[in-house]
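Analysis of the macromolecular model
Listed here are the chains, written in short residue letters.
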There are 2 protein chains.
Amino acid sequence: MATEEQIKATVQRYLATFSAGDREGWLDLFTADATVEDPVGSEVCKGRDEIGAFWDTSRSLADAITLHLVQGPGGNEREAAFAMEARAEIGGTTMVVPTIDVMTFDDDGKIASQRAFWSASAVQPA
Amino acid sequence: MATEEQIKATVQRYLATFSAGDREGWLDLFTADATVEDPVGSEVCKGRDEIGAFWDTSRSLADAITLHLVQGPGGNEREAAFAMEARAEIGGTTMVVPTIDVMTFDDDGKIASQRAFWSASAVQPA
C-alpha cells in the first residue's frame, strides 16, 4: 500500500508535469503495465508506449493544456479520486473541461490505473 | 443505457433526498441489487436492506447531513462521477467532508453501484 502522502505527491506531480508539457516526467508516474481509460468508456491504453501515444494525441488537440485541482485527492492507500479542471488553449480561446480522475496506486505510489470522467457536453469557454 | 439527462436527474435527486432526510426517496434511486461502498475499501452493502442500514448508521452520526454539489456529474451513459461536500451538523458544529462519488447506472437511470472516495484526514470544520 502507498501512503496518503505518496498519493498526494503523485497527484500533484501528475498535474504539474502534464501542465508543463513534461511528457517523460508524466509517463514516469505510471507503473510499467499501467492502464489509462480517458474518457471512461473509450479504449484502454496499456503500458508506456500506448499511454505515451495517448499523451501525444491529447497534446495535439490544443496549443497548451493546464490541469487545476478543484477537490481531493480522497480515498485510501490503494485508490483515490480528485476533481480538476483541464484548461485547453486552442487558437486564443480557453476551453474548460471539468474532469474527475479515479486512480489506483502501487506500493510506491505509482499510478497503476487512471480512469477519467468527463463529458463533452460540459466543455465550455472559460 | 441511460441518458445524460436521466443521470443528472438521479444525481440531483440523490443529493436532495439525502439532504432532506428522505430515506425511502433516497433508497428508491437504487436498483434492487445495487451496491454501496462508502468509503471505498470498506465493506460493500448490497440491496435495499443493507443500503438502508448504511443510511441509518450514517444518519446516526450527525444531527443533520446535507450534500452540496461541487463538480459534475461527468462520464457516459453507464457511469458517472461527481464531486460534492457533505456537511454534517454535529452538536452545533458543521464538519465538511469533501467527497467524490462514482456511480454506475441501469437503463432507467437507477443507481446500480456507488463508490464514495473521501478521507478522514480531509474532514474539517466549516
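So, the overall build of chain A
Helices and strands together make up the secondary structure of chain A, namely three helices and seven strands. Seen in sequence order, chain A has helices and strands lined up from the N terminus as α-α-β-β-α-β-β-β-β-β. In terms of overall size, chain A behaves like a compact globule, its C-alpha atoms giving a radius of gyration of 14 Å where 126 residues would be expected to give roughly 14 Å. With 126 residues in all, chain A has 45% of them scored as buried. Taking all contacts inside chain A whose residues are at least 6 apart in sequence as the whole, residues at least 24 apart take part in 49%. Summed over all atoms, the accessible surface of chain A reaches about 6000 Å², with 52% contributed by carbon and sulfur.

Some words on the environment of lysine 110 of chain A
All names here are of chain A. Inspection of the secondary structure assignment puts lysine 110 in the loop between strand 5 (93-105) and strand 6 (111-117). Lysine 110 gets classed as partly exposed once you look at its relative accessible area, which sits at 35%. Along the sequence, lysine 110 and methionine 95 sit 15 residues apart, while their C-alpha atoms lie 29 Å from each other.

Describing the relation of the copies chain A and chain B
Mapping chain A onto chain B is achieved by rotating through 180° and translating by 0.0 Å along the same axis, at an RMSD of 0.0 Å. On this basis, the relationship between the two copies can be described by a two-fold rotation axis. The C-alpha atom lying nearest the rotation axis in chain A is that of alanine 83 of chain A; the distance is 3.2 Å. Looking at chain A, 100% of its interface residues are interface residues in chain B too, so the copies touch through the same face.

Topic: the side chain of threonine 31 of chain A
With respect to the helices, strands and loops of the structure, threonine 31 of chain A is situated in strand 1 (residues 30-37). Excluding its chain neighbours within four sequence positions, the residues that come into contact with threonine 31 of chain A are Asp106, Lys110, Ile111 and Ala112 of chain A.

Considerations on helix 1 (residues 4-20) of chain A
Its 17 residues place the ends of helix 1 of chain A 24 Å apart at the C-alpha level, agreeing with the 24 Å of an ideal helix rising 1.5 Å per residue. Remark: glycine 21 of chain A follows helix 1 of chain A within two positions and exhibits a positive phi of approximately 70°.

Description of helix 3 (residues 47-60) of chain B
All names here are of chain B. For helix 3, which comprises 14 residues, the first-to-last C-alpha distance of 20 Å matches the rise-based estimate of 20 Å (1.5 Å per residue) to within 8%. Residues of helix 3 that are buried: Gly47, Ile51, Gly52, Phe54, Trp55, Ser58 and Arg59. Seen along its axis, helix 3 keeps its buried residues to an arc of 155°; they face one direction. Summarising the geometry of helix 3, the exposed residues directed more than 90 degrees from the buried face are Asp49 and Ser60.

Some words on the interface of chain A and chain B
Taken together, the contacts link 25 residues of chain A with 25 residues of chain B. For the pair chain A and chain B, the two sides together bury roughly 1700 Å², of which 52% comes from carbon and sulfur. When the buried surface of chain A facing chain B is broken down by residue, Gln71, Ile100 and Phe117 of chain A rank first, second and third, together holding 32% of it. At the boundary of chain A and chain B, one finds two salt bridges. The residue glutamate 79 of chain A makes a salt bridge to arginine 115 of chain B at a minimum N-O spacing of 2.6 Å. Joining chain A to chain B, the criterion identifies twelve residue pairs in polar contact (both at pLDDT 80 or more). Secondary-structure elements contributing two or more residues to the side of chain A that touches chain B are strand 3 (64-75), strand 4 (79-90), strand 5 and strand 6 of chain A. Per-element tally for the side of chain A that touches chain B: the top contributor is strand 4 of chain A, with seven residues.

With respect to the environment of tryptophan 55 of chain B
Residues and elements named next belong to chain B. Along the chain, the position of tryptophan 55 falls in helix 3. Remark: the alpha-carbon pair of tryptophan 55 and phenylalanine 30, spanning 25 residues in sequence, is separated by 13 Å. If we ignore the near neighbours within four places in the chain, the residues touching tryptophan 55 are Thr17, Phe18, Gly21, Asp22, Arg23 and Trp26.

Some words on the confidence of the model for chain A
Residues with a pLDDT of 70 or more make up 100% of chain A, whose mean pLDDT is 97. Complex prediction metrics read pTM 0.97 and ipTM 0.96.

Some details on the pairing of strand 6 (residues 111-117) of chain B
Two faces, one strand: in a regular strand the side chains alternate between the faces of the sheet. Residue and element names in this part refer to chain B. Most of strand 6 is tucked away: five of the seven residues are buried. As defined by bridge partners, strand 5 (residues 93-105) adjoins strand 6 across six bridges and the pair is classed as antiparallel. Residue pairing across strands places aspartate 101 opposite alanine 116, the latter belonging to strand 6. Linkage of strand 5 to strand 6, two consecutive antiparallel strands, is achieved through a turn of five residues, within which glycine 109 is found at a positive phi near 85°.

Quick notes on the rules
Residues numbered from 1 in each chain as written. Chains lettered and ligands numbered in written order. Predicted model: local features only at pLDDT ≥ 70, side-chain atom pairs only at ≥ 80, totals over all residues. Heavy atoms only, no water. Helix = DSSP H or I, 4+ residues; strand = E, 2+ residues; numbered from the N terminus. Rg over C-alpha atoms; globule rule 2.2 N^0.38 Å. Buried < 20%, exposed > 50% of the residue type's maximum accessible area, 1.4 Å probe, protein only. Contact = heavy atoms within 4.5 Å. Areas by Shrake-Rupley, 256 points an atom, 1.4 Å probe, with all protein chains shown as cover. Least-squares fit on C-alpha atoms with pLDDT ≥ 70 in both. Expected span 1.5 Å × (residues − 1). Arc of directions from axis to C-beta. Buried area = accessible area lost by both parts, 1.4 Å probe. Salt bridge = Lys/Arg side-chain N within 4 Å of Asp/Glu carboxyl O. Polar contact = N/O pair within 3.5 Å; in protein donor to acceptor, adjacent residues only side chain to side chain. pLDDT = per-residue confidence, 0-100. Pairing = 2+ DSSP bridges.

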